[in-house]
Every structure is written in structure tokens, then in C-alpha cells.
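Next come the chains, spelled out residue by residue.
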Amino acid sequence: MNRFWSLFGLNEQPGPTKGHTNGGLPVPNSTLSYWRSELHPIDSYRSSEHLPSECDIAIIGAGITGVSTAYHLSRLHAANNSGKKPSIVILEAREVCSGATGRNGSHSKMRISSIRTLFKDYNAEAADECIAFVYSQSHLMKEAVDREGLDCEFELRRTYDVFVDEQDAKDAGETYRIAVEEGHKWVKEVSFVDSRYAEQITSIKGAKAAVSMPACSLWPYKFVTQLLSRMIDRKELSLYTHTPITSIDSSNSLATTLHTPNGSITTKKLIFATNAYTSAICPSFKEAIIPYKGTACHISPEKPISPHLNSTYNIYYDRQNDPDSKVDYLNPRPDSGIIVGGANWLFKSQKHLWYNTTDDSTLIPNTRPYFSTYMQDNFHGWEDSNAKITHLWTGIQGETKDGKPFVGKVPGKENWYIAAGFNGGGMSFCFSCAEGLAGIVEGKRYEESGLPRMFSTGRLG
Ligand SMILES: Cc1cc2nc3c(=O)[nH]c(=O)nc-3n(C[C@H](O)[C@H](O)[C@H](O)COP(=O)(O)OP(=O)(O)OC[C@H]3O[C@@H](n4cnc5c(N)ncnc54)[C@H](O)[C@@H]3O)c2cc1C
């Protein structure tokens, strides 16, 4: 018996994606991320010994998308006050928030390079719509944090895109100038720092320019687990961890049956919040969402450093249009520790190390030496910090051809819904996409959902 599948109580890997890394499902023994270093009591929670045989709404995946969709659904039901509450069940292959959400950089922002791509690929109205969606998510999340009293280090803050290359700095300045001239809406929240002050303002050695934008950051695992436990306490849903969906039977047009090693459950409505892992159980997304591996670490100085780094960063070390461009992201923590991720240029050409894989149980070679003196090498004031890596991990994201997630009804399927295909900056969309999806599940048309048009599942080939 294959050792991996035996851990899930299976005799063999499930059918649809045979040959793919571990059948395309989450793997056991994932690398330990900093965010998962303080576990919540519901981490491996199961609402009852046996899976219920049926429910009204099943959500696959307990990352930020699945849990937030349940949250928005519960709020909609409470607001409608329409009699009996539907039964909602969340099914999770591993532990709560053990996927990308528990292993990311955890700042939510737009990047200037993504803004440039949006204006290249879409008209100005659609591009502005997408950027406004990200800006507004910070406020939507803040409202939830305050309403639910979540202790998750949530901060509304600024973020800098910092350019070390002269030409990149000029291009960023030009993008900003044109946006101001053409009156783009996104630029109202943005300011540009030129070469005179970029290094002093950002503390980054050799900075030639910086673009300052709105952002938020949080401890994602604490956000997800606390939100989920509030809903469990209020009896708004049931949760089954360590319950991978291995196959789905949709032969009955009124209900769908999900098969797991712990039994089967039949549901009236099904929501895929499985991001990178979607194609393993929903084959229509096989070509559309490809899993790929990224890496991040947590670095801690010997003692807290003053002045504190208040902003999050994306640092562009090289020409953005160069296929080997070097872009890292950083999220300073309130205690003076910092999350640093990226290093893609080290392994980009070795696709077998990171592309089309769901294996987050191993590290990517050479990343530890790259990050080990990162802060001392790149930041003024950190030279004598004796900063060291405390955690280094990998995580799996979902690549889509246009870099946008798929949100809405699953084409060709009655009562199947999806919010997946979130890539390396994807958390910036998840909470708001979950709100839009909840509206659609409850009968809204896509156009009424508040979702950007470019996220529609209608574009699935
Ligand atoms: C290293 C790294 C750094 C990142 N940095 C940032 C950042 O700084 N900012 C940003 O905005 N985004 C970032 N991202 C991306 C962001 O983390 C994701 O876009 C976001 O977390 C996706 O959330 P999700 O809930 O959709 O997916 P996930 O968190 O992956 O949740 C999906 C869940 O579904 C479960 N699941 C899958 N298949 C099954 C099945 N068959 N049965 C049962 N359960 C299943 C998984 O176990 C998982 O828990 C980063 C990602 C990585 C990996």
C-alpha cells in the first residue's frame, strides 16, 4: 500500500489525477510555518465522531476562503431571518488553515507591477474595479476583526514597492505619472518617493524609488481559527478536519455525494474552497488551476530593533521584465520579527522543484542560505542585529493563466460553486471573494455580487 494514501486510510491514490504529485491532494507532514507555531484548540477538531450523512451546504477547504465563505453565508442567513438555518459543513483534508493561508507572507495589497499588468490586459474601468476591490477588502476584514473581537494582530498599514534597479525606478515613476495625468482612481491612495529619499524612508540599502500604497496585515492562522471557533460556538456550522474528499458523485442532479476515508456525505450545495488543489477533485479545472510551490521564512533579531519597521514591502532587485527578476516580500511583525518570502529567481528555471506540485512537506534547496543574513544585508539598522531564521517553510498556491481567481458557479454543474485559483498575492482577494460567492450561493446574479467581472468562471475555456 502507498504510504501516503494509507495515512488517509486509502488503498490507492484517487483516480482523476493519477500521476500528479500525491494525486493532487494536500500531503501529510507539511513543513512547519511560523504562523502555525501557536495552535488553536480547533486545529484538528471534528464536530462528531461520524460524518453526518447529509447537509444543505458543504464547503471543501478550511483556509481563509472556505471559512470566510461560511462566515458570510451565516451573516446572510441571519440578516434574511428566513426561518430554519441551513446546515453548513466544512470538510478539511489536514488541519484548519494548514494550506497556503497558514504559510503566506500575510500582507494584503496591490503591487505596482500587477497594476501595470491590469491596465495592459483590461480597460481602465475594469482595472480600477479590481484595485478598488483589494483596497476595500482591508476595511471589510477590519470590520470582521472588530465585530468578532479577533486577536490576530490585524493592522491597517502602508506598504512600499521598492526599486533598487535604476530603470525599474524610472518605470515605476512613469507609471505613477501617467496614472495621475489620466486620472486613474487607484492613484488617489498612492504616493511616489523618488531617489532623493527612497533609501532613508524605506531603510532599504540602495533603494532608488518607492511607491507607497494602502495595505493590511494579520496573523492569518489566528484570523481563520478564531473566526471558525466563533461560528462553531454559535452552532452555525460543523467542522471535520483530517477528512480529505477523494471523489465526488454528481449522478443525482438534486444532490452531490462526497466520498472521504471517514464515510460519505450528501449535500444540496457544494462549494470548492480548495484553491491550488481543486483539479484533483474537480477535473474541469485541471488545465485552469495549476498548483505551484512558494517559500517564506520568519526572521527574528536578538532584541527588538528601533525605530520599528512600520510598513510591509515588496523589493524589486532587478529588471521586472527580466524572466529571472528578483522580487521578495516582507511583513514586519509587531514584536520586531519579520516574515520574508520570495527567492523565486533562485529556483525558477528548475521547474521540477516547484511547478505542478502539491508537496509542501519539503523545502526548496538553497533558500536557507539566501534568507539567513537577508535583513543584515538589505536593511539599514539591522547590521548588528544577529537576526536569525526561526522558521523556514513552503506552501502551495494556485496558478491561473491570467493570474485571476475563479469565483462563482462551476460551469455545467447545478449547485456547485467555487472560489479558487488564488496565486502568490491571492489573499488580497479571498475575504471579499468569499462575500461575493456567498451572495451567489444564496441566489444573487454574478453582476449583483460585487465581484470584479474578470473573476467570473464564465472565462473557463
Ligand atoms: C509562501 C506563500 C506566500 C504567500 N504570500 C502572500 C502574501 O503575502 N499576500 C497574499 O495576498 N497572498 C499570499 N500568498 C497566497 C495566499 O496565501 C493564498 O492565495 C490564499 O491563502 C488562498 O487561500 P485559500 O483558502 O483559497 O487556500 P488554502 O489556504 O490553500 O486553503 C485550501 C484548503 O483546502 C484544503 N483542501 C484541498 N483539497 C481538499 C480536499 N480534496 N478535501 C478536503 N480539503 C481539501 C486544503 O488542505 C487547504 O486547507 C502566499 C502563498 C504562499 C504559499
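Residues numbered from 1 in each chain as written. Predicted model: local features only at pLDDT ≥ 70, side-chain atom pairs only at ≥ 80, totals over all residues. Heavy atoms only, no water.

### What about the nonpolar core?
Turning to step 1, where the next piece is worked out: Among the nonpolar cores identified, the biggest contains 79 residues, and Ile59, Ile90, Trp186, Phe223, Leu228 and Phe455 are the most heavily contacted of them.
Turning to step 2, where the next piece is worked out: When residues of this core are assigned to domains, at least three map to each of domain 1 (3-103 + 221-288 + 402-459) and domain 2 (157-214 + 290-399).
Turning to step 3, where the next piece is worked out: If we skip the residues at most four places from it in the chain, Phe223 touches Ile64, Ser68, Met141, Val145, Leu150, Cys152, Leu218 and Phe431.
Turning to step 4, where the next piece is worked out: In terms of nonpolar packing, the next biggest core, distinct from the first, is built from 28 residues, Ala210, Leu309, Tyr313 and Ala387 among them. (Core = buried A, V, L, I, M, F, W, Y, C linked by side-chain atoms within 4.5 Å. Buried < 20%, exposed > 50% of the residue type's maximum accessible area, 1.4 Å probe, protein only. Domains from an automatic or database assignment. Contact = heavy atoms within 4.5 Å.)

### Here's the deal with the domain arrangement of the protein chain
Turning to step 1, where the next piece is worked out: When cut into domains, the protein chain gives domain 1 (3-103 + 221-288 + 402-459) and domain 2 (157-214 + 290-399).
Turning to step 2, where the next piece is worked out: In this assembly, 28 residues from domain 1 lie in contact with 26 residues from domain 2.
Turning to step 3, where the next piece is worked out: Where domain 1 abuts domain 2, roughly 2,000 Å² becomes buried across the two surfaces, and 56% of that area is made up of carbon and sulfur atoms.
Turning to step 4, where the next piece is worked out: Here domain 1 is connected to domain 2 by two salt bridges.
Turning to step 5, where the next piece is worked out: Arg103 serves as the salt-bridge partner of Asp360, at 3.6 Å between the closest nitrogen and oxygen.
Turning to step 6, where the next piece is worked out: In this structure, the connection of domain 1 to domain 2 is made through nine residue pairs in polar contact (both at pLDDT 80 or more). (Buried area = accessible area lost by both parts, 1.4 Å probe. Salt bridge = Lys/Arg side-chain N within 4 Å of Asp/Glu carboxyl O. Polar contact = N/O pair within 3.5 Å; in protein donor to acceptor, adjacent residues only side chain to side chain.)

### What to know about the site of the ligand
Turning to step 1, where the next piece is worked out: Around the ligand lies a shell of 40 residues, among which Thr65, Glu92, Thr101, His107 and Gly424 are the nearest.
Turning to step 2, where the next piece is worked out: Take Gly425: an N or O atom from its main chain is 3.0 Å from an oxygen atom of the ligand.
Turning to step 3, where the next piece is worked out: With respect to the ligand, the backbone of Gly426 contributes an N or O atom lying 3.4 Å from a nitrogen atom.
Turning to step 4, where the next piece is worked out: Alone, the ligand offers 1,000 Å² of accessible surface; in the complex the protein occludes 99% of this.
Turning to step 5, where the next piece is worked out: Mapped onto the shell around the ligand, the elements with two or more residues apiece are helix H2 (64-80), strand S11 (290-300), strand S15 (388-399) and helix H11 (427-441).
Turning to step 6, where the next piece is worked out: A class-by-class count of the residues in the shell around the ligand yields 17 nonpolar, 21 polar and two charged.
Turning to step 7, where the next piece is worked out: Residue assignment places the shell around the ligand across two domains, with domain 1 (3-103 + 221-288 + 402-459) and domain 2 (157-214 + 290-399) each supplying three or more. (Near = heavy atom within 4 Å. Areas by Shrake-Rupley, 256 points an atom, 1.4 Å probe, with all protein chains shown as cover. Helix = DSSP H or I, 4+ residues; strand = E, 2+ residues; numbered from the N terminus. Nonpolar A, V, L, I, M, F, W, Y, C, P; charged D, E, K, R; others polar.)

### Some points on the pattern of salt bridges
Turning to step 1, where the next piece is worked out: If you walk through the whole model with that rule in mind, you get 23 salt bridges.
Turning to step 2, where the next piece is worked out: A salt bridge links Glu95 to Arg36; the shortest N-O distance between them is 3.7 Å. One end of the pair, Glu95, is in the loop between strand S2 (88-91) and strand S3 (107-108); the other, Arg36, is in the loop between helix H1 (3-7) and strand S1 (54-60), and 59 residues separate them in sequence. Taken individually, Glu95 and Arg36 each receive the classification buried, so the pair is uniform in this respect.
Turning to step 3, where the next piece is worked out: Arg234 is the partner of Glu148 in a salt bridge, and the nearest nitrogen-oxygen pair spans 2.9 Å. Taken together, the residues span a long stretch of sequence, with Glu148 in helix H4 (residues 124-148) and Arg234 in the loop between helix H7 (220-233) and strand S7 (238-240) at a distance of 86 residues.
Turning to step 4, where the next piece is worked out: A residue is classified by how much of its surface remains accessible, and Glu148, at 11% relative accessible area, is buried.
Turning to step 5, where the next piece is worked out: Since its relative accessible area comes to 36%, Arg234 is described here as partly exposed.
Turning to step 6, where the next piece is worked out: A cluster of three or more residues bridged by salt bridges with shared partners is formed by Arg36, Asp43 and Glu95.

### A few points about the environment of Ser68
Turning to step 1, where the next piece is worked out: Along the polypeptide, Ser68 turns up in helix H2.
Turning to step 2, where the next piece is worked out: For the pair Ser68 and Leu451, spaced 383 residues apart in the sequence, the C-alpha separation amounts to 15 Å.
Turning to step 3, where the next piece is worked out: Not counting residues within four places of it along the chain, the set of residues in contact with Ser68 comprises Phe223, Phe431 and Ala434.

### A closer look at helix H3 (residues 112-121)
Turning to step 1, where the next piece is worked out: Looking at H3, one finds that the buried residues are Ile112, Ser113, Ile115 and Leu118.
Turning to step 2, where the next piece is worked out: Buried positions along H3 lie against H4, strand S4 (155-163), helix H5 (166-182), strand S6 (209-217) and strand S12 (312-316).

### Here we look at the pairing of S4
Turning to step 1, where the next piece is worked out: Across nine bridges, the pairing between S4 and S6 is antiparallel. Residue pairing across strands places Arg158 opposite Pro214, the latter belonging to S6.
Turning to step 2, where the next piece is worked out: Pairing analysis gives five bridges linking S4 to S12, with the strands arranged parallel. Paired with Thr159 across the strands is Thr312, a residue of S12. (Pairing = 2+ DSSP bridges.)

### Re the packing of aromatic side chains
Turning to step 1, where the next piece is worked out: Summed over the entire model, instances satisfying the criterion amount to 20 aromatic pairs.
Turning to step 2, where the next piece is worked out: Taken together, a centroid distance of 5.8 Å and an interplanar angle of 85° make the contact between Phe133 and Phe455 edge-to-face. Of the two residues, Phe133 sits in helix H4 while Phe455 sits in the segment after H11, which places them 322 residues apart along the sequence. Like Phe133, the residue Phe455 is buried in the burial classification.
Turning to step 3, where the next piece is worked out: Between Tyr370 and Tyr374 the ring centres are 5.8 Å apart and the planes differ by 70°, which places this aromatic pair in the edge-to-face class. As far as the burial class goes, Tyr370 and Tyr374 line up, both buried.
Turning to step 4, where the next piece is worked out: Put simply, the rings of Tyr317, Trp345, Tyr370, Phe371 and Tyr374 touch in pairs and so form one group of aromatic residues.
Turning to step 5, where the next piece is worked out: Above the face of the Trp345 ring, Lys326 is positioned so that its terminal group lies 4.4 Å from the ring centre. (Phe/Tyr/Trp six-rings, centres within 6.5 Å; stacked < 30°, edge-to-face > 60°. Lys NZ or Arg CZ within 6 Å of the ring centre and 35° of its normal.)

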